[in-house]
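Here is how the chains run, residue by residue.
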Amino acid sequence: MLAGLVAGALEDAAARRLDRPAADVERDLDRVSSPRDALAFLAPGDRVHVIAEVKRASPSRGPLAEIADPAELASRYEAGGASAISVLTEGRRFRGSLADLEAVRARVAVPVLRKDFIADPYQVLEARASGADIVLLIVAALDQPRLVELHTLVEQLGMRALVEAHSADEVSRGLDAGARMLGVNARDLTDFSLDRDLFGRLVGAVPDGVVRVAESAVSSPADVAHYRAAGADAVLVGEALVTGDDPAATLAAFRVV
């Protein structure tokens, strides 16, 4: 499944590159505001940070929410106390777009994460040109040289990478690549099963000074408390917010932990 998602994302990026070559994207970098430093917004504190996600659909659940106005939803997240906003930009299975990212960036003052299947430097360039402050890099989708290359480019452009791991080996590879933000995803990307305890088993290998992010399997304040007790500085939440009646209230309840 992961290989198919990455292949599709690369095909779509190649199509966009035909209309907008990398040289054009690089020229557009001068027109966007400087990136916000996600490390400052997500620094360890008295409460867990919430990265709230704009997510219309997923391969595991199918359609989740229409989200006609992603910027308005992001604004409600910010009002509810979100420390950062994650925007799905993959169009085939998640029904997102770079236009969603640009709309959100124009509305909120907190860092914005481009969440996609990034495997080519062109995708990093267009993320920054669209206003991203953070870029997701999935270790399982990248060999080590490409992971290092992409992480280096993200940092050179002033952004931060959320490096996502699913195993002890991937945590090690992510740290070796220079990760300052390390996410552990409870969702197995081969079969989409969830293991909420995976974060606790892996987080001990993440040194102080690296922001620890728990991803997936967050549907209630109890889940947030579970991750917080295991050492999470932040949790990334999507489905529980977009499928609820009051995203801001749900998010505020999570932040109490």
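An account of the accompanying structure is given in this report. Predicted, not measured: the structure shown is a model, and the values here were computed from it. (Residues numbered from 1 in each chain as written. Predicted model: local features only at pLDDT ≥ 70, side-chain atom pairs only at ≥ 80, totals over all residues. Heavy atoms only, no water.)

## Observations regarding the overall build of the chain
Item 1. Regarding its fold elements, the chain presents 12 helices and 10 strands.
Item 2. The globule rule puts the C-alpha radius of gyration for 257 residues at 18 Å, and the 17 Å found for the chain is close to it.
Item 3. The principal-axis extent of the C-alpha atoms belonging to the chain is close to 45 × 40 × 35 Å.
Item 4. The long-range fraction of contacts in the chain, counting pairs at least 24 apart against all pairs at least 6 apart in sequence, stands at 69%.
Item 5. Of the roughly 10,200 Å² of accessible surface on the chain, a fraction of 50% belongs to carbon and sulfur atoms.
Item 6. Of the side chains in the chain, 29 bear a positive and 39 a negative charge, and the two mean positions are spaced by 2 Å. (Helix = DSSP H or I, 4+ residues; strand = E, 2+ residues; numbered from the N terminus. Rg over C-alpha atoms; globule rule 2.2 N^0.38 Å. Contact = heavy atoms within 4.5 Å. Areas by Shrake-Rupley, 256 points an atom, 1.4 Å probe, with all protein chains shown as cover. Lys, Arg positive; Asp, Glu negative; His and termini not counted. Charge placed at Lys NZ, Arg CZ, Asp CG, Glu CD.)

## Focus on the pattern of salt bridges
Item 1. Summed over the entire model, instances satisfying the criterion amount to 21 salt bridges.
Item 2. For Asp24, the salt bridge goes to Arg27, with nearest N and O atoms at 2.0 Å. Here Arg27 and Asp24 lie together in helix H2 (residues 22–28), a separation of three residues that amounts to about one turn.
Item 3. Given the relative accessible area of 54%, Arg27 is considered exposed.
Item 4. As a salt-bridge pair, Glu66 and Arg95 come within 3.3 Å of each other at their nearest N and O atoms. Residue Glu66 is located in the loop between strand E3 (62–63) and helix H4 (70–79), and its partner Arg95 is located in the loop between strand E4 (84–88) and helix H5 (98–107); the two are separated by 29 residues in the primary sequence.
Item 5. Accessibility expressed as a relative area gives 33% for Arg95, which makes it partly exposed.
Item 6. Through salt bridges with shared partners, a single ionic network connects Arg16, Arg114, Asp116 and Glu126. (Salt bridge = Lys/Arg side-chain N within 4 Å of Asp/Glu carboxyl O. Buried < 20%, exposed > 50% of the residue type's maximum accessible area, 1.4 Å probe, protein only.)

## Observations concerning helix H7 (residues 144–156)
Item 1. Between its first and last C-alpha, H7 extends 18 Å over 13 residues, near the 18 Å set by a 1.5 Å rise per residue.
Item 2. Those residues of H7 lying buried are Leu147, Leu150, His151, Leu153 and Val154. The buried residues of H7 occupy an angular sector of 160° when the element is viewed end-on, so they sit on one face. For H7, exposure combined with an orientation more than 90 degrees from the buried face picks out Pro145 and Gln156.
Item 3. Each element contacted by the buried residues of H7 is listed here: helix H6 (121–129), strand E6 (134–138), strand E7 (160–165) and helix H8 (168–176).
Item 4. By the N-cap criterion, in which a side-chain oxygen at the helix start approaches the backbone nitrogen of a residue two or three places on, H7 is capped by Asp143, the distance to Arg146 being 2.9 Å.
Item 5. Positive backbone phi, approximately 90°, marks Gly158, located one or two places after H7. (Expected span 1.5 Å × (residues − 1). Arc of directions from axis to C-beta. Polar contact = N/O pair within 3.5 Å; in protein donor to acceptor, adjacent residues only side chain to side chain.)

## Quick look at the pairing of E7
Item 1. In terms of burial, E7 is largely enclosed, as six of its six residues are buried.
Item 2. Covered by surrounding structure in E7 are Arg160, Leu162 and Glu164 together with Ala161, Val163 and Ala165, the residues of both alternating faces.
Item 3. In the sheet, E6 pairs with E7 via five bridges, with the strands oriented parallel. Counterpart to Val135 in the pairing with E7 is Ala161.
Item 4. With respect to chirality, the unit in which E6 leads through H7 into the neighbouring parallel E7 is right-handed.
Item 5. As for the winding sense of the linkage, the β-α-β connection from E7 through H8 to strand E8 (residues 181–185) is right-handed. (Pairing = 2+ DSSP bridges. Right-handed = clockwise from strand over helix to strand, strands pointing away.)

## Observations concerning the sheet that holds E7
Item 1. The parallel closed barrel is built from eight strands, whose spatial order is E1-E4-E5-E6-E7-E8-E9-E10. Going across the sheet, the axis of each strand differs from the next one's by a mean of 25°, ignoring polarity.
Item 2. Docked against the sheet, H5 engages strand E1 (49–54), E4 and strand E5 (112–115), running at close to 175° with respect to E5. (Axes fitted to C-alpha atoms, helices over the stretch in contact; angles between N-to-C directions.)

## Details of the packing of helix H1 (residues 2–19) against H6
Item 1. Packing of H1 against H6 leaves a shortest axis separation of 10 Å and a crossing angle of 65°. The pairing of H1 with H6 is recorded here as roughly perpendicular in orientation. Taken as a pair, H1 and H6 cross one another with a handedness that is left-handed. Mapping the contact onto sequence places Ala9, Leu10, Ala13, Arg16 and Arg17 in H1 and Tyr122, Gln123 and Glu126 in H6. (Parallel < 35°, antiparallel > 145°, perpendicular 65-115°, else oblique. Left-handed = near helix turned anticlockwise from the far one by under 90°.)

## Regarding unusual backbone geometry
Item 1. Despite not being glycine, Ile67 has its phi angle at roughly 50°, a positive value.
Item 2. Positive phi outside glycine occurs at Ser216, with the angle close to 75°.
Item 3. Along the chain, Ser216 turns up in the loop between strand E9 (211–215) and helix H10 (221–230).

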